[in-house]
Amino acid sequence: MAVIAPHIAAPYVITANDDGEYVIETRALSKRYGRKLALDGLDLRIPRGRIHAIVGANGAGKSTLFRLLLGFLAPSSGSARILGRDSQRLTPDDRGRIGFVNEEHTLPEWMSVAAVIAMQRHHYPRWNQATYDSVAGNYHLLPEQKVGQLSRGERAGFNLALALAQSPELLILDEPTLGLDVVAKRAFLESLLHTNLSERCTVIYCSHQMEEIERVADNLIVLERGRLRNMSPPDEFCARVGHWIAEFPFRAPEAALVPGLLQVQQIDGLHHYLVLDQGPDFEHFLYAAGARSVHGMPVSLDRAVNGLLAQNHIGAGRG
Ligand SMILES: Nc1ncnc2c1ncn2[C@@H]1O[C@H](COP(=O)(O)OP(=O)(O)OP(=O)(O)O)[C@@H](O)[C@H]1O
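Since we're looking at a predicted model, the values are computed, not measured.

### Overview of the sheet that holds strand 11 (residues 219-224)
On the basis of which strands lie adjacent, the open sheet formed by 6 strands has the order 8-9-10-5-11-12 and mixed pairing. Whereas interior strands pair on both sides, the edge strands pair on one side only; in this sheet they are strand 8 (98-102) and strand 12 (227-232). Each strand axis lies, on average, 15° off the axis of its neighbour in the sheet, ignoring direction. Sheet topology places strand 9 (residues 170-174) next to strand 10 (residues 202-206); 5 bridges connect them, and they run parallel. Residue L173 lies in a different strand from strand 10, and its bridge partner there is Y205. In this fold helix 1 (residues 62-69) packs onto strand 5 (51-55), strand 9, strand 10 and strand 11, with an angle of close to 145° to the strand it touches most, strand 9.

Shown next as structure tokens:
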């Protein structure tokens, strides 16, 4: 079985799965758009199976990574492999093994639902009608409706049903639930979880919605400015981030002296510290620095990820 080792900052260690194969493997992958470095020597290895979430701030390089992996863009340097194949040399057959759903849900607007299904069934030899029916059954799609007439949620569900029915070995979802209501989101995630378990396809799930990530992801990949910042199960990542609240009757310690500091905020006269990789010793540090009282709090995934990403934002969270 594959083991995902926790990782903050390079170099990282990850144990290969039984067949030694990664569905995605990048080596020193960089992409530059003019003066903008979107991916910066990215080394990423994702083993087969399970649901892997990719998160990062706006502009972290997530969509660029997908475009490179799918061969829509060429790297400036380094290499990217997907399902064992160089992403610049994907054959139609390779593409048939990969499903891709993005926020734009790009299907021909003038085609009817029935015509799209017929086209996909013809195009994909591993088409699974039962999977299509079970996922699409969550949405009120009429065969004669044009794609352009579907609501945003219906279009997202339709896209997911099509992608899953393709029986892909690898399914890449880039912000697939953007703009969906709560009910449509839940139906989308249920379909995804169900198919991931029954079909054993590897899912790469890119989203800004931490509650979705918490619900579906087995592995959390954090990208920051085109670099890998974390790769571990989400709960392991949360366990590394501590939230401490301290009351300082006099001066609080300088931020630069606080070990593992991700973020500090002053709220109602109390100092809230978000720190990385600090055990119970951090409480002693706060008392030794002059705190009158100290409390530790559990951290949600949302808070932990945002704290990590805020760390390098200029001036972010420094209260
Ligand atoms: N065609 C382009 N030309 C110039 N710069 C680009 C181009 N595409 C992306 N970029 C820049 O590359 C960086 C990474 O963009 P990318 O779209 O990959 O980020 P992202 O992580 O998907 O962001 P978001 O979460 O906002 O969708 C950004 O700073 C962006 O401005």
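### Description of the pairing of strand 14 (residues 261-267)
Summarising the sheet, strand 14 and strand 15 (residues 270-276) pair through 6 bridges and their orientation is antiparallel. Within the sheet, the bridge partner assigned to Q266 lies in strand 15 and is H271. Remark: 2 residues form the turn of the hairpin made by strand 14 and strand 15, two consecutive strands paired antiparallel; D268 in that turn has positive phi of roughly 50°.

### Comments concerning the sheet that holds strand 4 (residues 36-47)
Hydrogen bonds between backbone atoms are what pair the strands of a sheet, whose relative direction is either parallel or antiparallel. Spatially, 4-3-6-7 is the arrangement adopted by the 4 strands of the open sheet, whose pairing is antiparallel. Looking along the sheet, the strands with just one partner apiece sit at the ends: strand 4 and strand 7 (85-86). Summarising the sheet, strand 3 (residues 22-33) and strand 4 pair through 8 bridges and their orientation is antiparallel. The residue of strand 4 that forms the bridge with E25 is R45. Each of strand 3, strand 4 and strand 6 (77-82) is contacted by helix 1, which is oriented at about 115° to strand 3, the strand it contacts most.

### Comments concerning the site of the ligand
Surrounding the ligand, one finds Y33, K36, A38, G56, N58, G59, A60, G61, K62, S63 and T64. Counting only elements with at least two residues in the shell around the ligand, the list comes to strand 4 and helix 1. Among the elements that line the shell around the ligand, the one with the most residues is helix 1, at 3 residues. Considering only residue class, the shell around the ligand consists of 3 nonpolar, 6 polar and 2 charged.

### Regarding the domain arrangement of the protein chain
Accessible area lost upon the coming together of the parts serves often as the stated size of an interface. What the domain assignment reports for the protein chain is domain 1 (3-232) and domain 2 (237-310). Relative placement of domain 1 and domain 2: their C-alpha centres are 35 Å apart. The partner domain 2 presents 6 residues to the 11 residues of domain 1 that form the contact. Taken together, the elements giving at least two residues each to the side of domain 1 that touches domain 2 come down to helix 7 (210-216), strand 11 and strand 12. Residues of the side of domain 1 that touches domain 2, tallied by class, amount to 6 nonpolar, 2 polar and 3 charged.

What counts, and where the lines are drawn
- The numbering scheme is per chain: residues are counted from 1 as the chain's sequence reads.
- A pLDDT threshold of at least 70 governs which residues receive local features in this predicted model, and a stricter bar of 80 or more applies before side-chain atom pairs are shown or counted, although totals over entire chains, interfaces and linings include all residues.
- A pair of strands is treated as paired once DSSP finds two or more bridges between them.
- In this text, helices come from DSSP runs of H or I with a minimum length of four residues, and strands from runs of E with a minimum of two, each type numbered from the N-terminal end.
- Here an angle of 0 to 180 degrees is reported between the N-to-C directions of two axes, which are lines fitted to C-alpha atoms, with helices fitted over the stretch in contact.
- Residues are treated as contacting if the C-beta atoms built from their backbones sit within 7 Å of each other.
- Here, nearness is defined through the C-beta atom: a residue counts as near a molecule or strand if that backbone-placed atom lies within 6 Å of it.
- Residues are grouped as follows: Ala, Val, Leu, Ile, Met, Phe, Trp, Tyr, Cys and Pro are nonpolar; Asp, Glu, Lys and Arg are charged; every other residue, Gly included, is polar.
- For each domain, the first and last residues come from an automatic or database assignment.

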